Structure formats: structure tokens, C-alpha cells
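# Structural features, examined
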Amino acid sequence: MKTAIYGGSFDPVHFGHIDLMVRASALVDKLLVAVLDAPSKTALFTAAQRVALLQRTVAEHKLTNVEVIASDGLMAQLALQRGVTLLVRGLRTGDDFAHELPMATLNKTLNPALETVWLPSTPALTHISSSYIKEIAGFGGDISAFAPDYVCQAVEAQRKG
């Protein structure tokens, strides 16, 4: 059985993430979606809230081979602990590749069995990022074109907090 991990902060989950989950889950027997805390980022949602939003996404898209987990460690270590040798990452732009290639090399150094596979974003979704969504929402802008309604509602609730 081939299992892959798709990790990220997912803060918040958006249509680009969902597209990648759907596409990656079709390529493997099981996809672990790992919600990570990025020390360099200020999170809008707790890890538990992000897991809940992703679990709803998985249920709504009927992704029966996807499991959402939280992790606070290194991706290479998580893969080693879970016996996973395939890491899925998304690429929106060449700038993403410039960031992702060294990360893949570091992961391979930490876990020689781990291979990274990059999936390019669907062209219509390349402009979407969690950072932009948070910025737009912070100014009271409409984010409905970037994320499902339940995510938009959760962002608004957090913003009003």
C-alpha cells in the first residue's frame, strides 16, 4: 500500500490546498494530510481548529483514503515514524520551487528513504495563498473566491474574535 504525506500549515485551508489533496489522493492508496505549526508564521487558527476544517473538507469531498493529523515535528521525522517514503508538495510558481528544492534536499538528508514529489497548481488557483487570504480578510475583504464557505465563516469568526 503506497502512502504519502501532504504537509502544511493550512492556515486557513483554501481551494488550492483542496485541489492538491484531491489530486494527490488519486495517486496513492492513502494520503496523510499533516497540519504543521510553522514557527516562522503567526497562526490564525489553532492546530485543532485547522484539523477540524480539513476533516470537514475531506468529508465534503468524500476523500475516503485521506487522514488528517496534527504534527509538531519535522516532516522527515513524521515520515520515518509513519513508515512513509513519499512526500507531496504543491508548486504555484518558480519562487515556490526555489524554496521547495532545498527543503526536499534537507528532508532527504534527514530521511534518505523520503522522496519528494511536486504537483503544480491548477492554473486557475496559482494566485491563492493562506497569507493573502488572511490579509484580505483582515481588511474586511471578501475571501469567498478563495475558500469554501465554512472556512470563510471560520476566518470571519476568528477575525471578530
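Here the structure is a predicted model, which means the values were calculated and not measured. (Residues numbered from 1 in each chain as written. Predicted model: local features only at pLDDT ≥ 70, side-chain atom pairs only at ≥ 80, totals over all residues. Heavy atoms only, no water.)

## A word on the pattern of salt bridges
For the record, the criterion: The salt bridge definition used is simple: a Lys or Arg side-chain nitrogen within 4 Å of an Asp or Glu carboxyl oxygen. Going along the chain from the N terminus, every DSSP run of H or I of four or more residues is numbered as a helix, and every run of E of two or more is numbered as a strand. Partly exposed residues are those whose accessible area sits between 20% and 50% of the maximum for their type, while under 20% is buried and over 50% is exposed, using a 1.4 Å probe and protein chains only.
For the structure on display, the rule yields 10 salt bridges. Residues E100 and R89 are paired through a salt bridge, measuring 2.8 Å at the closest nitrogen-oxygen approach. One end of the pair, E100, is in helix α4 (residues 94-110); the other, R89, is in strand β4 (residues 86-91), with 11 residues separating them in the sequence. A salt bridge links R159 to E156; its shortest N-O distance comes to 3.3 Å. Here R159 and its partner E156 are both found in helix α6 (residues 149-160), three residues apart, which amounts to about one turn of the helix. Owing to a relative accessible area of 29%, E156 belongs among the partly exposed residues under this scheme. Within this structure, E156, R159 and K160 form a network of salt bridges that share partners.

## Here we look at the layout of surface pockets
As a reminder of what qualifies: A cavity here means a set of 1 Å grid points, computed over protein atoms only, where a 1.4 Å probe fits but cannot escape. A pocket is an open set with protein on both sides within 12 Å along at least 5 of 7 lines, and lining residues have an atom within 4 Å of a point. Grid points are joined across faces, edges and corners, and a volume is the space filled by probe spheres set on the points.
A volume near 1100 Å³ is recorded for the largest pocket. Taken together, 42 residues line the largest pocket, and the ones lying closest to its centre are G7, G8, K41, R89 and E100. Secondary structure elements with two or more residues in the lining of the largest pocket: β1 (3-8), α1 (15-25), α3 (75-82), β4, α4 and α5 (130-138). Among the elements that take part in the lining of the largest pocket, α4 stands out by supplying eight residues, more than any other.

## Digging into the sheet that holds β1
Selection rule: Only when DSSP finds a minimum of two bridges between them are two strands counted as paired. Axis lines are fitted to C-alpha atoms, over the contacting stretch for helices. Their N-to-C directions set the angle, which ranges from 0 to 180 degrees. Contacts: residue pairs with any heavy atoms within 4.5 Å of one another.
The sheet built from five strands is open, its strands ordered β3-β2-β1-β4-β5 with parallel pairing. Looking at strand neighbours, the two that pair on one side only are β3 (66-71) and β5 (115-120), the edges of this open sheet. In this sheet, neighbouring strand axes are inclined to one another by 30 degrees on average, regardless of whether the strands run parallel or antiparallel. As paired elements, β1 and strand β2 (residues 30-36) share six bridges and run parallel to each other. Residue Y6 lies in a different strand from β2, and its bridge partner there is V33. Strand contacts of α4: β4 and β5, with the helix running at about 170 degrees to β4, the strand carrying the most contacts.

## A short note on the environment of V13
Locating V13 in the fold gives a position in the loop between β1 and α1. Taking the C-alpha atoms as reference, V13 lies 7.5 Å from R50; in sequence the two are 37 residues apart. Setting aside residues up to four positions removed in sequence, V13 forms contacts with I18, L53, L54, T57, A147 and V151.

## Focus on the pairing of β2
Test applied: Whether a crossover is right-handed depends on one test, that the path from the first strand over the helix to the second runs clockwise when the strands point away from the viewer.
Extensive coverage of β2 is indicated by the burial of six of its seven residues. A crossover links β1 with its parallel partner β2, the connecting element being α1, and its sense is right-handed. In the sheet, β2 pairs with β3 via six bridges, with the strands oriented parallel. Note that in β3 the partner of A34 across the bridge is I69. In this view, the connection linking β2 to its parallel neighbour β3 by way of helix α2 (residues 47-60) has right-handed handedness.

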